[in-house]
Amino acid sequence: MTSNGGSIMEGGCTCRQLRYRLCGTPLVVHACHCRWCQRETGTAFATNALYEADRVAHLAGEPDVVVTPSASGKGQRIARCPACRVSIWSNYPQAGHAVRFIRVGTLDEPDQLPPDIHIFTSSKQSWLTLPPSAKAVAELYDLESTWSAESLERRRVMREKAKAQQA
Ligand SMILES: [Zn+2]
Ligand SMILES: [Zn+2]
């Protein structure tokens with residue numbers, strides 16, 4: 001959905017033990033204003049770029065995956081640097097292991113991926129005013145009417161692959 005001018009997007013943790021490269025554009029970029037994201041980041045919202053797991057190449061280091069309680073009760077798997085403990089991506093069970101929620105703030109140039117949509121604005125911190133043009137929803141949204149046709153097609157392919165792996 002977001003155009004980045006075809007530039008290579010890389011990022012990593014603070015101590016640089018973990019480095020990754022993203023292949024292509026994200027499926028969608030969320031700014032999540034839920035209380036869980038506020039607590040986990042210590043700030044007003046989390047910005048996550050959704051990518052298929054096979055579009056996230058680990059260039060250096062292997063993350064520790066820490067299971068963290070989540071709103072659904074199923075736990076969020078957060079990939080953290082084994083040394084500095086910064087989180088670089090996570091999986092939510094609802095979306096499946098095939099989708100990685102990349103922490104946009106860990107990119108070398110995070111300005112490349114502004115949010116496509118603000119979610120869970122029902123718990124948005126009151127001092128924060130979103131731009132009038134921003135797409136925003138109180139909680140979750142309908143993928144079919146929000147994602148680009150290309151992203152929906154990529155999602156279909158990802159689901160087919162997941163099914164084939166389970167069979
Ligand atoms: Zn690190
Ligand atoms: Zn959230």
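Heads up: the structure comes first, above all this text.
To keep things clear, this report deals only with the structure shown in the data block. Since this is a predicted model, take the numbers as computed values, not measurements. (Residues numbered from 1 in each chain as written. Chains lettered and ligands numbered in written order. Predicted model: local features only at pLDDT ≥ 70, side-chain atom pairs only at ≥ 80, totals over all residues. Heavy atoms only, no water.)

Brief notes about helix H3 (residues 149-166)
So, step 1. When the terminal C-alpha atoms of H3 are compared, their 26 Å separation across 18 residues agrees well with the 26 Å that a helix rising 1.5 Å per residue should span.
So, step 2. All of the buried residues along H3 are Ser151, Leu152, Arg154, Arg155 and Met158. Seen end-on, H3 carries its buried residues on one side only, within an arc spanning 155°. The exposed residues of H3 that point more than 90 degrees off its buried face are Ala149, Lys163 and Ala164.
So, step 3. Packed against the buried residues of H3 are strand E4 (46-52), strand E9 (99-103) and helix H2 (143-146). (Helix = DSSP H or I, 4+ residues; strand = E, 2+ residues; numbered from the N terminus. Expected span 1.5 Å × (residues − 1). Buried < 20%, exposed > 50% of the residue type's maximum accessible area, 1.4 Å probe, protein only. Arc of directions from axis to C-beta. Contact = heavy atoms within 4.5 Å.)

Details of the coordination of the zinc ion (ligand 2)
So, step 1. Protein-derived coordination of the zinc ion (ligand 2) comes from Cys32 (SG), Cys34 (SG) and Cys37 (SG), at a distance range of 2.1 to 2.3 Å.
So, step 2. Spacing between the donor residues of the zinc ion (ligand 2) along their common chain follows C-x1-C-x2-C. (Donors = N, O, S within 2.8 Å, 3.2 Å for Na, K, Ca; no water.)

Focus: the pattern of salt bridges
So, step 1. By the definition in use, this model includes 11 salt bridges.
So, step 2. Note that Asp54 is salt-bridged to Lys161, the shortest N-O span being 2.9 Å. One end of the pair, Asp54, is in the loop between E4 and strand E5 (56-60); the other, Lys161, is in helix H3, with 107 residues separating them in the sequence.
So, step 3. Across the salt bridge formed by Glu150 and Arg154, the nearest N and O atoms sit 3.4 Å from each other. Placement of both Glu150 and Arg154 in helix H3 is noted, with a separation of four residues, approximately one turn of the helix.
So, step 4. Assessed through its relative accessible area of 48%, Glu150 is described here as partly exposed.
So, step 5. Given a relative accessible area of 9%, Arg154 falls into the buried group. (Salt bridge = Lys/Arg side-chain N within 4 Å of Asp/Glu carboxyl O.)

Some remarks on the pairing of E9
So, step 1. Burial analysis of E9 places five of its five residues in the buried class, which makes it a mostly covered element.
So, step 2. On E9, burial covers both faces: Val99, Phe101 and Arg103 on one face and Arg100 and Ile102 on the other are all buried.
So, step 3. Judged from the five bridges that link them, E4 and E9 form a sheet pairing that is antiparallel. By the bridge assignment, Ala49 is partnered in E9 with Ile102.
So, step 4. Both strand E8 (residues 87-91) and E9 contribute to a ladder of two bridges, which runs antiparallel. Note that in E9 the partner of Trp89 across the bridge is Ile102. (Pairing = 2+ DSSP bridges.)

With respect to the nonpolar core
So, step 1. Core analysis: the largest hydrophobic core is formed by 17 residues, its most contacted members being Leu22, Tyr51, Ile102 and Leu113.
So, step 2. Of all the secondary structure elements, the ones that give two or more residues to this core are strand E2 (19-22), E4 and E8.
So, step 3. Among the nonpolar cores identified, the runner-up in size contains 16 residues, and Cys32, Tyr92, Val99 and Leu152 belong to it. (Core = buried A, V, L, I, M, F, W, Y, C linked by side-chain atoms within 4.5 Å.)

Observations concerning the sheet that holds strand E10 (residues 117-119)
So, step 1. The sheet built from seven strands is open, its strands ordered E6-E7-E8-E9-E4-E3-E10 with mixed pairing. Whereas interior strands pair on both sides, the edge strands pair on one side only; in this sheet they are strand E6 (64-68) and E10. With strand direction ignored, the average angle separating the axes of adjacent strands in the sheet is 30°. (Axes fitted to C-alpha atoms, helices over the stretch in contact; angles between N-to-C directions.)

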